[in-house]
Amino acid sequence: MTTTPGSAQAWLLRLAPGGAPPEPACPPGTLAAAEAELGPGPVGWAVEVARDMAAEIVRQVPEHGTPGALPPFRRAVEATVLTALHALLTEPRPTTDLVPPEAVAGNAELARRNVPLDRVLRGVRLGHAHLHARLMDALNREPEAATRARETHRVSELLFVYADLQASRLAEEYVAERDRWRRSTEAARRRTVDDLLAGRPVGGGAVAARTLGYDLARHHAAFIITSPAPDPSDRALRLLAAELSRAVGGENLLTVAAGGTELWAWTSWPAPPPREALARLPHLIPERRPLKVAVGPLGYGPEGFRRSHRGAREAARMARLGHTGWLCDYADVATAALLTADPEHARWFATGVLGPLAADHPRLADLRETLRVYLAEGRSPQSAAERLYIARNTVTYRVRRATELLGGPLPPDPLDLRLALEITHLLGPPGATGPTR
């Protein structure tokens, strides 16, 4: 049955649309319940006003009208107008429960689409201003001056209260939904990334692309950004990822939090970029201490996505060993990473090849380093001396002493010896607690 208002509020029940009301956005059950309370005239008026209100909000705040979002937005606006009419008739105690569920649901959709909160609240203010103006127009047609004056004051005050309640409730719900959505989407993205990195099926590239918002059928380079701080700024890590992507001309960026101090990122191109794009990074990006960056090799498709990340992981490991600067490119440490992938096994190999020369002593470290550079320079004492900044005779002496400790002349093919010297150079001798430099 229609609500029986006081005589001053009776004008609300005389509201009617200017012509044939537009197609309603709310479901029939909602409209039937509203008609039972207000009557068909006010409901038709509310549907008409809601249509115009939604159009005005979308005109001034276009984010509300993104394709696919308009029907739920229209429904939220319509439910808000119907709720406001009922509240103006009955004057219930003002609480946030007066905000209709449709408005809360529409607000959640805006949060999931990452529409900024200030734009959401601007829509609320525009909507209430439009509703107030339409109510004032209807009230000004009332014949009794006393009713117009009294109702103008009452409606204006109540609408201000309702607008404030709605803004507060929607802001609170927006923040909660945004946080829930971010947690759920971040968790889904992380699960998909973990499956890709483990080589597990992900239901096809299209499924993964939808979850990640990132096309896998492209050429990829991975970055791993780390911070020594126990609680670094997530924003600082993501900003650096975006800067790295822009610097190499990447057209897409995916970032995934990997613990409190590490961020995984990928950028991609439709065609393979020149290799120099990554090689120039240290010259394009100023140092971001204390942040460190590891760069993976280029790769194509899901396997390239995985391979580039694994390369970045190895580059990050080499950076932790202290053999690189703040930005470590896998291309610069690929051989060293391969040699030290299994540190224990590598040290066994080095000890077996070097024998007494592998012992942990400063003088032996000098002999190993001189022999390593001597072999790298094609067995040229002069070139080794220039590279080490020592006398040529010192090189000759140290090479002779190292050869004696090895138990014989240097082999014609020194591959094993060179590998053993590189391993010890990178990892330190057996029993050492860290790298040699």
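A brief structural summary. For clarity, every value in this text was computed on a predicted model and none was experimentally measured.

To continue, consider unusual backbone geometry. One non-glycine residue, E91, adopts positive backbone phi at about 50°. Mapped onto the elements, E91 comes out in the loop between α3 (70-90) and α4 (101-112).

What follows is about the packing of aromatic side chains. Under the defined criterion, the tally for this structure stands at two aromatic pairs. Between the aromatic rings of W266 and F305, the centroid separation amounts to 4.2 Å while the plane-to-plane angle is 10°, which identifies the pairing as stacked. One end of the pair, W266, is in strand β3 (residues 262-269); the other, F305, is in helix α11 (residues 301-320), and 39 residues separate them in sequence. For the pair W266 and F305, a shared accessibility class is recorded, and that class is buried. Grouped by ring-pair contacts, the aromatic residues Y214, W266 and F305 constitute a single cluster.

Another point: helix α8 (residues 234-247). End to end, α8 covers 20 Å across 14 residues, agreeing with the expected 20 Å (1.5 Å per residue, within 8%). Turning to α8, its buried residues number three or more, namely L237, L240, A241, A242, L244 and S245. Where α8 is buried, its residues meet β1 (219-226), β2 (252-257), β3, α10 (281-284), β4 (292-295) and β6 (327-329). After α8 finishes, the residue G249 shows a positive phi value of roughly 75°.

So, on to the pairing of β4. On a regular strand, each side chain points to the face opposite its neighbour's, so the side chains alternate between the two faces of the sheet. As paired strands, β1 and β4 are joined by four bridges and run antiparallel to one another. Residue I224 lies in a different strand from β4, and its bridge partner there is A294. Here three bridges tie β4 to β6, and the two strands are oriented parallel to one another. Counted as the bridge partner of V293 is L327 from β6.

Conventions we followed
- Residues numbered from 1 in each chain as written.
- Predicted model: local features only at pLDDT ≥ 70, side-chain atom pairs only at ≥ 80, totals over all residues.
- Heavy atoms only, no water.
- Helix = DSSP H or I, 4+ residues; strand = E, 2+ residues; numbered from the N terminus.
- Phe/Tyr/Trp six-rings, centres within 6.5 Å; stacked < 30°, edge-to-face > 60°.
- Buried < 20%, exposed > 50% of the residue type's maximum accessible area, 1.4 Å probe, protein only.
- Expected span 1.5 Å × (residues − 1).
- Contact = heavy atoms within 4.5 Å.
- Pairing = 2+ DSSP bridges.

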